[in-house]
Amino acid sequence: MLETNSDPVAPFIVANTVAVPLMHLQKDCIIPVFSKDNEKTIAHQEFIEVIMDAVTKVFPQHSIADPEIRVSHQIKGRTPTAIHKSANDLLEEDKTIYYERMAFMVKIPSITDEINGNKLSLCVGGVRSYNQENLYSKKSLEKFKFFIGFQNWVCMNMCISTDGFLENLRVSNTHELESKALEVMQNYNAELHLMEMKELTQDYLSEHQFAQLIGKSRLYQHLPKSERQRIPELNFNDSHINTMAKDYYEDQNFCRMEDGRINLWNVFNLFTQANKSSYIDTFLDRNLNAFEFSKGLQNTLNGDSNYHWFLS
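Residues numbered from 1 in each chain as written. Predicted model: local features only at pLDDT ≥ 70, side-chain atom pairs only at ≥ 80, totals over all residues. Heavy atoms only, no water.

### Notes on the nonpolar core
- One finds Ile-69, Met-185, Met-197, Phe-210, Leu-213, Trp-265 and Val-267 to be the most contacted residues of the largest nonpolar core, which totals 72 residues.
- Aside from chain neighbours lying at most four places away, what touches Val-267 is Leu-205, Phe-210, Leu-213, Met-244, Ile-262 and Leu-297.
- With 14 residues, the next largest nonpolar core counts Ala-103, Cys-123, Phe-147 and Ile-160 among its residues. (Core = buried A, V, L, I, M, F, W, Y, C linked by side-chain atoms within 4.5 Å. Buried < 20%, exposed > 50% of the residue type's maximum accessible area, 1.4 Å probe, protein only. Contact = heavy atoms within 4.5 Å.)

### Digging into the layout of surface pockets
- Each pocket or cavity is described by its volume, and for the second largest pocket that value is around 220 Å³.
- Considering the residues around the second largest pocket, the lining is formed by Asp-28, Gln-74, Lys-76, Gly-77, Leu-90, Glu-92, Lys-95, Thr-96 and Ile-97.
- Elements supplying a minimum of two residues to the lining of the second largest pocket: strand 6 (68-78) and strand 7 (95-115).
- Here the residues of the lining of the second largest pocket sort into two nonpolar, three polar and four charged. (1 Å grid on protein atoms, 1.4 Å probe; cavity = no way out; pocket = protein on both sides within 12 Å on 5 of 7 lines; lining within 4 Å. Points joined across faces, edges and corners; volume = space filled by probe spheres on them. Helix = DSSP H or I, 4+ residues; strand = E, 2+ residues; numbered from the N terminus. Nonpolar A, V, L, I, M, F, W, Y, C, P; charged D, E, K, R; others polar.)

### Comments concerning empty space enclosed by the protein
- Considering all chains together, one arrives at two cavities of 30 Å³ or more under this definition.
- Taken as a whole, the largest cavity spans an internal volume of roughly 60 Å³.
- Taken together, Leu-25, Cys-29, Ile-30, Pro-32, Ala-43, His-44, Gln-45, Tyr-98, Tyr-99 and Tyr-130 make up the full set of residues lining the largest cavity.
- Counted by class, the lining of the largest cavity contains eight nonpolar, two polar and no charged residues.
- Roughly 30 Å³ of internal volume is contained in the second largest cavity.
- Every residue along the wall of the second largest cavity is listed here: Val-127, Arg-128, Ser-129, Gln-132, Lys-143, Phe-144 and Lys-145.
- Among the residues making up the lining of the second largest cavity, the classes are represented as two nonpolar, two polar and three charged.

### Digging into the confidence of the model for the protein
- Averaged over all residues, the pLDDT of the protein equals 93, while 97% of them reach at least 70.
- Note that residues 1-8 has pLDDT below 50 and, in this model, 15 contacts with residues that lie over four places away or in other chains. (pLDDT = per-residue confidence, 0-100.)

### Structural notes on the environment of Asp-285
- Within the secondary structure, Asp-285 sits in helix 9 (residues 280-301).
- Overall, Asp-285 belongs to the buried group, its relative accessible area being 15%.
- Through-space distance from the C-alpha of Asp-285 to that of Glu-68 is 19 Å; in sequence the pair is 217 residues apart.
- The contacts of Asp-285, once residues within four sequence positions are left out, are Lys-145, Phe-165, Glu-167 and Asn-235.
- At 2.5 Å, the side chain of Asp-285 forms a polar contact with the side chain of Lys-145. (Polar contact = N/O pair within 3.5 Å; in protein donor to acceptor, adjacent residues only side chain to side chain.)

### Observations regarding the packing of helix 2 (residues 44-58) against helix 3 (residues 174-187)
- Interaxial distance between helix 2 and helix 3 falls to 9 Å at its minimum, and their mutual angle equals 45°. If you check the angle between helix 2 and helix 3, you find them oblique. Two packed elements cross with a definite hand, and for helix 2 against helix 3 that hand is right-handed. Together, Glu-46, Phe-47, Val-50, Ile-51, Asp-53, Ala-54, Val-55, Lys-57 and Val-58 of helix 2 and Thr-174, Leu-177, Glu-178, Ala-181, Leu-182 and Met-185 of helix 3 make up the contact between the two elements.
- Looking at the contact of helix 2 with helix 3, its residues break down into ten nonpolar, one polar and four charged. (Axes fitted to C-alpha atoms, helices over the stretch in contact; angles between N-to-C directions. Parallel < 35°, antiparallel > 145°, perpendicular 65-115°, else oblique. Left-handed = near helix turned anticlockwise from the far one by under 90°.)

Set out below in structure tokens:
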């Protein structure tokens, strides 16, 4: 059953994206092809429709919201009848478009939990980036990213864990796409994911430790490769880290406490909030890295030295 999502909310990703309805992809956009054999790609709208069908199979007793779709990198063209027109004279019927990159999310609002006073709901979604396909060749396996996780209603931040994310989903048709998405959803351990996120509320960084984290995160980007390979991965750049430093003081929901401390649940959300400025094709990977990194900080606070470099 579909549920209309009419509430105006903050987008789950910003960057250079714009929101579009599913109907726009279905009616107004051309479908890219593999140029050597003219075989069509799996279109953005097909990806969304397949995942929504899969969701209804896994959660038949629950309503699902309309998909929230964000696109970027519009590719423009024109019809043959407009070959001699200048760009300023083109009519709407003369133009063709599609979007190189697309991310979408579908909420299941009836499956919820609460962490640190923040309401979370289960959600499913994916990313498609045509720039990762060789459209100048013959048809080959096509790459998608798929996830199932939770969304924080306070800020619309995404919460993704390892078992709920398939980074390199390669398929040749929509049947394979649905089959692999079903497999991920069925194997996803939502209870464990929620438990691990709730545990983040129990550990705190002092103001000094958070300052160390910010400073070391900036240094991390410039470490020699040999040194960086010995340290756990941090997939965030200086722009993200600057946003986190600012939000440590200013974010209404996840800022520091009066004594400067900040719990790791809030640190995790500072990461995912900053991640909204990432391009579509790196968004999900960084979101997962935010969760793994936050858990690594927690392990360091409890005696594991793997992430000690970032706090020392």
